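Residue strings, one per chain:
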Amino acid sequence: MKPRHKRALIIIAALAVIGIAALLILNALNSNIALYVTPSEVAAGKAPKGQAFRIGGMVRDGSLRRDGLTVHFVITDLVKDIPVAYTGILPDLFKEGKGAVVQGRIDANGEFIASEVLAKHDENYMPPEAKHALEQAQKNGSNK
Amino acid sequence: MIPEFGHYALILALCVALIQGVLPLVGAQQGRREWLMLARPAAQTVFFLLAIAFVVLAWSFYVNDFSVLYVAEHSNSQLPVVYRLGAVWGGHEGSLLLWIFLLSTWTILVAQLSQALDEFMVARVIGVLGLVTSGLLLFVLTTSNPFMRLLPAAQDGRSLNPLLQDPGLVFHPPMLYMGYVGFSVAFAFAIASLLSGRLDAAWARWSRPWTTAAWVFLTLGIALGSWWAYYELGWGGWWFWDPVENASFIPWLVGTALLHSLAVTEKRGGFKSWTVLLAITAFSLSLLGTFLVRSGVLTSVHAFATDPRRGIFILIFLVLVVGSSLVLYAWRAPKSALGGKFSASSREAFILLGNVFLVTSAGSVLLGTLYPLLIDALHLGKISVGPPYFNSVFVPIMIPLLVLMGIGPWTSWKNTNLLTVIQRLWLAGLVAVIAGVTIPLIMGEFTWLAGLGFLLAFWVIGSGCMQIARQAKLGKPTRSFMGMQTAHLGIAVFVIGVTMVGAYQEEKDVRMSVGETVAVGGYQIQLQDVRLVPGPNYQAMRGSFLLSKNGKEETILYPEKRSYFSSTMPMTEAAIDAGLTRDIYVSLGEELSDKSWAVRVYYKPFVDWIWGGCLLMALGGVLAMSDKRYRMKLKKQIS
């Protein structure tokens, strides 16, 4: 092999690596993105079907109910409420009246089955997505 | 009065840092020797002033001076002294001060240890570091001053986030920052050599140990952070692809590529442009990481309450640094990109290919981290990119890299007969295949992914051991050779840990009342009682769990659920029985209505190998740095 060919070989190998990586990335991005949706959007039927998504909002005061290890609560943007069920141990900062983000999908009964509950790690901190949902709901409310 | 001294020292430090940044660089360009001479004393003065500022801040924490806003927000009179000191870098302002202080530490280390280096080079390196220091000091003074007063003073502080009240916090940020900031030295060397037009082997030889040192700190910092998340956050995972974790991991990947590329530049004079570009990229990514963490654009453990001015300042700084260094690069980088000739089966080619994999993986992690920000900025909605994305992209890129790792060290510079290498390596291949098949069977279940993990790990181990044996026959192996082998071995150990945990861990969330037993990974765990115990600044519900195997009692585990007096935030403190081949992890959830408790138990086989592997990698770096050619030959060759 001439040196020129060898160099070409190296370049081709490098391009192949990058190309394969690009394919992997596009494929993975397509199937692993969770969209953030506000409770009002869920109520309006704008939630993605057949795919996991995230809801941000506040945990409604007095909505927490335990049933063994399963917890039921309501996540709200103060306009619309979404009932949520989660089985497992809640994060330390999960509290009624505080912001939270849940990931999962809606079952046939209209209850959101969460596979993951995220609360923040500082009590004075509000998840931006939860804040966004509240602001969004407020804005729509004042427009009406 | 004392905090004002600190504030004043910071302002003076900025003035001197500007001198350190401007005069030596101009002096080197115009050949004014007396300006060059200012570099070292200026750097020492900046270090001295920053040390004063740092000590003053620590002192304010120590004496509970709640008239300092930052102290009032992050400490509390009940906080134990150790955590009061740890709290110095427990928030945004203090951690930036730490960042700058460490930058200055690196600078004077360079100034002290570079006596043999030509003075123009030293002046330029110190000058570039001075410019970076000035930029960050300006940032601290204008947007994040830790010495702001709170008048009238608070009665008591708001206290440190309970999550951060842990020995891990005392070490994790300084370690990580040492690494982050350390890439600034490689960056400064690269910029200095672009300025002087002297991109040669001597330059690579000089930056190599510094880059390795930064890489060692970064490796340890990331490992500590991961370990801390594992036992303190109560989640039991060791990596979450959290944006902030990624922000430290991306520079690590690029830094690893840089280490290897520097080897080619040092030994063969090749890859010069590529090496310079990597040095610029590694430091820019460290800055980007700081931006991502500190600006609050990301939702994460590390996100602090935000001030948009901060984000914009760092962004401008980042654009300036990246922009000016890339312009300089485009203008001055050597034209012949690959340097000396080499064949497609040479060591150069293997390192280049490995570099491509590392950089590609860094790019894919970066993309996943920034993608949600991008989508949000374009008003296309809010999304999150989850761990499955990272796993499905990152892992496949690492597989060929591990294959290369077994072969690369056997090749020689310029050209290698691959056939003879493969003939030598058949034994390692055989060991790998046997391990890949039998270990999963011993563990009780064969999965392809687990098989592949063990196969690759033992491929690297086998190849490494064979090479060490061969080298030992030829004479005493050099430290840099042993360093390389140790670091690669560390990767293999890490892969074993990851594979074991990924394939064979057991996790159970259960409801337990006193006396009940749950079985996990062949162990029985019985809840004996839960009682209230007092702590220095909290009280805790403490559970006692009896761990036994086949009826034989092993130990008692005490997980806690703490409530801190100064905050309403409860805090889960997991109990871990650690072992060489497995960890048993118990954490206490909430009390349920019927006198029972939600309990999380994990069986984690070989999980400590993950951090053990990182330790080995760091040890490898230390060995390579201590190679004698960096100590003795240097003086002869360069002076």
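Residues numbered from 1 in each chain as written. Chains lettered and ligands numbered in written order. Predicted model: local features only at pLDDT ≥ 70, side-chain atom pairs only at ≥ 80, totals over all residues.

## Quick notes on the overall build of chain B
Thinking step 1. A count of helical and extended segments in chain B gives 20 helices and 11 strands.
Thinking step 2. For chain B, the spread of C-alpha atoms along the principal axes amounts to about 80 × 75 × 50 Å.
Thinking step 3. Counting over 639 residues, chain B shows a buried share of 54%.
Thinking step 4. A separation threshold of at least 6 residues defines the contact pool for chain B, and within that pool the share at least 24 residues apart is 74%. (Helix = DSSP H or I, 4+ residues; strand = E, 2+ residues; numbered from the N terminus. Buried ≥ 20, exposed ≤ 12 C-beta atoms within 10 Å, placed from the backbone. Contact = placed C-beta atoms within 7 Å.)

## Looking at the domain arrangement of chain B
All names here are of chain B.
Thinking step 1. Taken domain by domain, chain B comprises domain 1 (1–165), domain 2 (199–407), domain 3 (425–504 + 609–614) and domain 4 (507–606).
Thinking step 2. Computed from C-alpha atoms alone, the centre-to-centre distance between domain 1 and domain 4 is 42 Å.
Thinking step 3. At the interface, eight residues of domain 1 touch nine residues of domain 4.
Thinking step 4. Along the lines of polarity and charge, the residues of the side of domain 1 that touches domain 4 split into four nonpolar, three polar and one charged. (Domains from an automatic or database assignment. Nonpolar A, V, L, I, M, F, W, Y, C, P; charged D, E, K, R; others polar.)

## Quick notes on the confidence of the model for chain B
Residues and elements named next belong to chain B.
Thinking step 1. When pLDDT is averaged along chain B, the result is 88, and 95% of the positions lie at 70 or above.
Thinking step 2. Across residues 300–305, confidence stays below pLDDT 50; counting only partners more than four residues off in sequence or on other chains, it has 16 contacts.
Thinking step 3. Counted against residues more than four places away or in other chains, residues 633–639, with its pLDDT under 50, gives nine contacts.
Thinking step 4. Scoring of the predicted complex yields 0.91 for pTM and 0.79 for ipTM. (pLDDT = per-residue confidence, 0-100.)

## A look at the environment of alanine 574 of chain B
All names here are of chain B.
Thinking step 1. With respect to the helices and strands, the residue alanine 574 is situated in the loop between strand E8 (570–573) and strand E9 (575–577).
Thinking step 2. Residue classification places alanine 574 among the buried positions, given that 20 C-beta atoms sit within 10 Å.
Thinking step 3. Along the primary structure alanine 574 and valine 601 are separated by 27 residues, whereas in three dimensions their C-alpha atoms are 9.6 Å apart.

## Considerations on the pairing of strand E5 (residues 81–87) of chain A
Residue and element names in this part refer to chain A.
Thinking step 1. Here E5 shows a clear split, with Ile82, Val84 and Tyr86 buried on one side and none of Asp81, Pro83, Ala85 and Thr87 buried on the other.
Thinking step 2. As paired elements, strand E4 (residues 70–76) and E5 share seven bridges and run antiparallel to each other. Bridging from a neighbouring strand, valine 74 pairs with proline 83 of E5.
Thinking step 3. Hairpin remark: E4 followed by E5, antiparallel, with four residues in the connecting loop; positive phi at leucine 78, about 75°.
Thinking step 4. Pairing of E5 with strand E7 (residues 112–118) involves three bridges; the strand directions are parallel. Following the sheet pairing, alanine 85 is matched in E7 by isoleucine 113. (Pairing = 2+ DSSP bridges.)

## Topic: the nonpolar core
Thinking step 1. Counting residues in each nonpolar core, the largest one holds 241 residues, and the members touching the most others are Ala13 and Ala186 of chain B.
Thinking step 2. Aside from chain neighbours lying at most four places away, what touches alanine 186 of chain B is Ser207, Trp210, Thr211, Ala214, Leu258, Ala279, Ala282 and Phe283 of chain B. (Core = buried A, V, L, I, M, F, W, Y, C linked by C-beta atoms within 7 Å.)

## Re the interface of chain A and chain B
Thinking step 1. With 36 residues of chain A at the interface, the matching set in chain B holds 44 residues.
Thinking step 2. Contributing elements (two or more residues each) for the side of chain A that touches chain B: helix H1 (3–31), strand E1 (33–37) and helix H3 (128–143) of chain A.
Thinking step 3. Sort the elements by how many residues they give to the side of chain A that touches chain B and H1 of chain A lands first, with 13 residues.
Thinking step 4. Counted by class, the side of chain A that touches chain B contains 23 nonpolar, six polar and seven charged residues.
Thinking step 5. Where E1 of chain A lies against strand E1 (residues 383–385) of chain B, three bridges are found, and the strand directions are antiparallel.

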